[in-house]
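Commentary on secondary and tertiary structure
If you want the building blocks of each chain, they are given just below.
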Amino acid sequence: MKILCIFFDMLRAELQQSFNPQIKDISPIDKWMRKLGGVAYRNCYTPAPDTSRSLGCIYSGRYPERNGCTKRNQWPKYFLKNGIGNLNKFLSEEDFDFYTTIPPN
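Please read all numbers here as calculations on a predicted model, not as lab measurements. (Residues numbered from 1 in each chain as written. Predicted model: local features only at pLDDT ≥ 70, side-chain atom pairs only at ≥ 80, totals over all residues. Heavy atoms only, no water.)

1. Description of the overall build of the protein chain
What counts, and what does not: Strands are runs of DSSP state E lasting at least 2 residues, helices are runs of H or I lasting at least 4, and numbering of each runs from the N terminus. Partly exposed residues are those whose accessible area sits between 20% and 50% of the maximum for their type, while under 20% is buried and over 50% is exposed, using a 1.4 Å probe and protein chains only. Throughout, a residue-residue contact means that at least one pair of heavy atoms, one from each residue, lies within 4.5 Å. Accessibility throughout is a Shrake-Rupley quantity obtained with a 1.4 Å probe, and a residue counts as covered only by protein chains that appear here. Lys and Arg are tallied as positive, Asp and Glu as negative. Neither His nor the chain termini are counted. Positions of charges follow a simple convention, taking NZ of Lys, CZ of Arg, CG of Asp or CD of Glu.
When helices and strands are counted, the protein chain shows 5 helices and 0 strands. Start at the N end of the protein chain and walk to the C end: the helices and strands fall as α-α-α-α-α. Seen along its three principal axes, the alpha-carbon backbone of the protein chain occupies a region of about 50 × 35 × 20 Å. The proportion of buried residues among the 105 residues of the protein chain is 29%. Here the contacts in the protein chain between residues at least 6 apart in sequence split such that 23% fall between residues at least 24 apart. Just so you have it, the protein chain exposes about 8700 Å², and 55% of that area is on carbon and sulfur atoms. Distance from the positive charge centre (15 side chains) to the negative charge centre (10 side chains) of the protein chain: 5 Å.

Here's what the structure looks like:
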């Protein structure tokens, strides 16, 4: 099985035809997503109201009050609590082949 997870920050999904069929113009992102295939989730929610805390939740699998990223600009790279697991560490320990453009911490 192969999984590709793409996190678009500030994409304005409601302006993309992939998420809003009422949009007439097909954007370059829509074209790329159609060519790539797969599933786009339209009803996703985040436990935090901003990018840094949301990414901390994705990486750690924990809510902000438990992962260390509790304020708006506390980026996971610097504020994830030591000793808690994170997604990259888990994938490495379980011998998954994965490639990322995010820092491993």
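Moving on from the model shown.
2. Let's talk about a negative patch on the surface
Filter applied, for reference: Distance thresholds for patches are 9 Å for like charges and 5 Å for nonpolar side chains (Val, Leu, Ile, Met, Phe, Trp, Tyr), applied to residues having over 30% relative accessible area and no salt bridge. By convention in these notes, a salt bridge is any Lys or Arg side-chain nitrogen within 4 Å of a carboxyl oxygen on Asp or Glu.
Taken together, the side chains of E93, E94, D95 and D97 present a region of like negative charge at the surface. Looking at the element boundaries, D97 is found in the segment after α5 (87–93). Classification of D97 as exposed rests on a relative accessible area of 69%.

3. Focus on the pattern of salt bridges
Going through the model one piece at a time under the given rule, you end up with 2 salt bridges. Note that E14 and R12 form a salt bridge whose closest N and O atoms lie 2.6 Å from each other. Residue class for E14 comes out partly exposed when judged on its relative accessible area of 39%. A salt bridge links R53 to D50; the nearest nitrogen and oxygen atoms lie 2.3 Å apart. Both residues of the pair, R53 and D50, count as buried.

4. Section: the environment of P28
By secondary structure assignment, the location of P28 is in helix α1 (residues 28–36). When the C-alpha atoms of P28 and P76 are compared, they prove to be 30 Å apart, with 48 residues separating the residues in sequence.

5. Focus: unusual backbone geometry
Of note in the backbone geometry, R12 takes a positive phi value of approximately 60 degrees without being a glycine. By secondary structure assignment, the location of R12 is in the segment before α1. Of note, the phi angle at D95 is positive, near 60 degrees, even though the residue is not glycine. Structurally, the position occupied by D95 is in the segment after α5.

6. Things to note about a nonpolar patch on the surface
A contiguous nonpolar surface patch, about 490 Å² in accessible area, is contributed by L4, I6, F8, W32 and L36. Its location among the elements puts L36 in helix α1.

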